[in-house]
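Architecture and fold: a report
Chain by chain, the residues run as shown.
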Amino acid sequence: MKILLSMNGVTGGYGDADILQDVSIQVDDKEIVVIVGPNGAGKSTAMKAVFGLLKIRGGSIIFDDDRITGWAPNRIVQRGICYVPQVDNIFREMSIHENLEMGAFLKKGDLSAAYDRVYELFPDLKERRKTLAGALSGGQRQMVAMGRALMLDPKLLLLDEPTAGLSPRYMEQIFQICRDVRDTGVAILLVEQHAKQALAFADRGYVLAAGQNRHEGTGAHLLADREVAEMFLGG
Ligand SMILES: Nc1ncnc2c1ncn2[C@@H]1O[C@H](COP(=O)(O)OP(=O)(O)OP(=O)(O)O)[C@@H](O)[C@H]1O
Ligand SMILES: [Mg+2]
């Protein structure tokens, strides 16, 4: 198994204070990896670090054999990482199709293969492609955000709480789409508030707390860990 992403002992934050302290996360090729942990643990901050949105003061980030530490986000996108932030991740005043088009703004030439691939993953979106994104349900909006990120054909997709506020049915649908996306050869690193369900679904997981690594392992391993269960999964 090839290591696709490795974040090695990363320390950094937004200003002078370090939010992440010596955080290490690894994602292998075609793997689904989940980050869980309490509010304020630094989960979103860890994703931002990978995407070049954080001031990193120590450690390194290697992606697909390139050292991307300190790279600007647009260069990271072009290298093959796409990021769906926790909030404000779609253009509400634009149609679904226009949202996808915006996602591909860095891509030159014919986009038809990219649209086909995304619409195949999200048949619901294809049917409604002229609908304004702001008029969609929360679950569908999340699909638009994921679809937009996939227009650039990344090797790694970063998803920050893709199921936040969704019903269990939509949550399962988003998880299934993640599996489908993975099966097309894309690795996924996601943050999840629904820790139990996410650990059951992901290949591996990391528990972060107070900006540090606390536990890591396969989902099954973490779900069976007493301490993890007591501290983070509600017993
Ligand atoms: N833009 C920012 N500027 C300064 N501090 C920030 C910023 N964003 C987050 N923080 C701080 O960094 C810490 C970690 O925040 P982060 O958003 O990474 O947590 P999280 O684990 O994603 O939490 P949640 O589950 O609520 O999304 C918190 O103390 C937060 O207040
Ligand atoms: Mg967050």
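Quick notes on the rules
- Residues numbered from 1 in each chain as written.
- Chains lettered and ligands numbered in written order.
- Predicted model: local features only at pLDDT ≥ 70, side-chain atom pairs only at ≥ 80, totals over all residues.
- Heavy atoms only, no water.
- Phe/Tyr/Trp six-rings, centres within 6.5 Å; stacked < 30°, edge-to-face > 60°.
- Helix = DSSP H or I, 4+ residues; strand = E, 2+ residues; numbered from the N terminus.
- Buried < 20%, exposed > 50% of the residue type's maximum accessible area, 1.4 Å probe, protein only.
- Contact = heavy atoms within 4.5 Å.
- Pairing = 2+ DSSP bridges.
- Axes fitted to C-alpha atoms, helices over the stretch in contact; angles between N-to-C directions.
- Near = heavy atom within 4 Å.
- Polar contact = N/O pair within 3.5 Å; in protein donor to acceptor, adjacent residues only side chain to side chain.
- Areas by Shrake-Rupley, 256 points an atom, 1.4 Å probe, with all protein chains shown as cover.
- Donors = N, O, S within 2.8 Å, 3.2 Å for Na, K, Ca; no water.
- Core = buried A, V, L, I, M, F, W, Y, C linked by side-chain atoms within 4.5 Å.

**Examining the packing of aromatic side chains**
Scanning all chains against the criterion turns up three aromatic pairs. Ring plane angle 5 degrees and centroid distance 4.1 Å describe the contact between Phe175 and Phe201, whose orientation is recorded as stacked. Of the two residues, Phe175 is situated in helix 7 (residues 168-183) and Phe201 in helix 8 (residues 195-201); the sequence distance between them amounts to 26 residues. Residue Phe175 is classed as buried on the basis of its relative accessible area, which comes to 1%.

**Section: the environment of Phe201**
For Phe201, a relative accessible area of 9% corresponds to the buried category. For the pair Phe201 and Thr163, spaced 38 residues apart in sequence, the C-alpha separation works out to 13 Å. Other than its neighbours up to four places away in sequence, Phe201 contacts Ile32, Phe175, Cys178, Arg179 and Leu190.

**Topic: the sheet that holds strand 10 (residues 212-218)**
Sheet architecture is open: six strands sit in the order 6-7-8-3-9-10, paired in mixed fashion. The strands lining the two open edges of the sheet, one partner per strand, are strand 6 (81-84) and strand 10. Strand-to-strand, the axes of this sheet are offset by a mean angle of 15 degrees, without reference to chain direction. Along the sheet, helix 1 (residues 43-50) contacts strand 3 (32-36), strand 6, strand 7 (156-160), strand 8 (187-191) and strand 9 (204-209); its crossing angle with strand 7, the most-contacted strand, is approximately 150 degrees. Of the strands in this sheet, strand 6 and strand 7 are in contact with helix 6 (residues 138-150), which crosses strand 6 at around 160 degrees.

**Details of the site of ligand 1**
Gly40, Gly42, Lys43, Ser44 and Thr45 are the nearest of the 13 residues found near ligand 1. At 3.5 Å from a nitrogen atom of ligand 1 is found a side-chain nitrogen or oxygen belonging to Tyr14. In the environment of ligand 1, an oxygen atom lies 2.9 Å from a nitrogen or oxygen atom belonging to the backbone of Gly40. Coverage of ligand 1 by the protein chains reaches 59% of its 640 Å² of free accessible surface.

**Points about the coordination of the magnesium ion (ligand 2)**
Taken together, Ser44 (OG) and Gln86 (OE1) make up the protein donors of the magnesium ion (ligand 2), found 2.0 to 2.4 Å from the metal. Of the two residues, Ser44 sits in helix 1 while Gln86 sits in the loop between strand 6 and helix 3 (96-103), which places them 42 residues apart along the sequence. Among the residues examined, Gln86 registers a relative accessible area of 35% and is labelled partly exposed.

**Regarding the nonpolar core**
By size, the foremost hydrophobic cluster in this structure holds 80 residues, and its most contacted members are Met7, Ile81, Phe122, Leu156, Leu157, Leu158 and Leu189. Looking at this core, the element that brings in the most residues is helix 7, giving seven residues.

**Observations concerning the pairing of strand 10**
By the bridge criterion, six bridges tie strand 9 to strand 10 in an arrangement that is antiparallel. Bridge pairing in strand 10 places Val207 opposite His215. Hairpin connection between strand 9 and strand 10: a loop of two residues separates the two successive antiparallel strands, and Ala210 in this loop has a positive phi of roughly 50 degrees.

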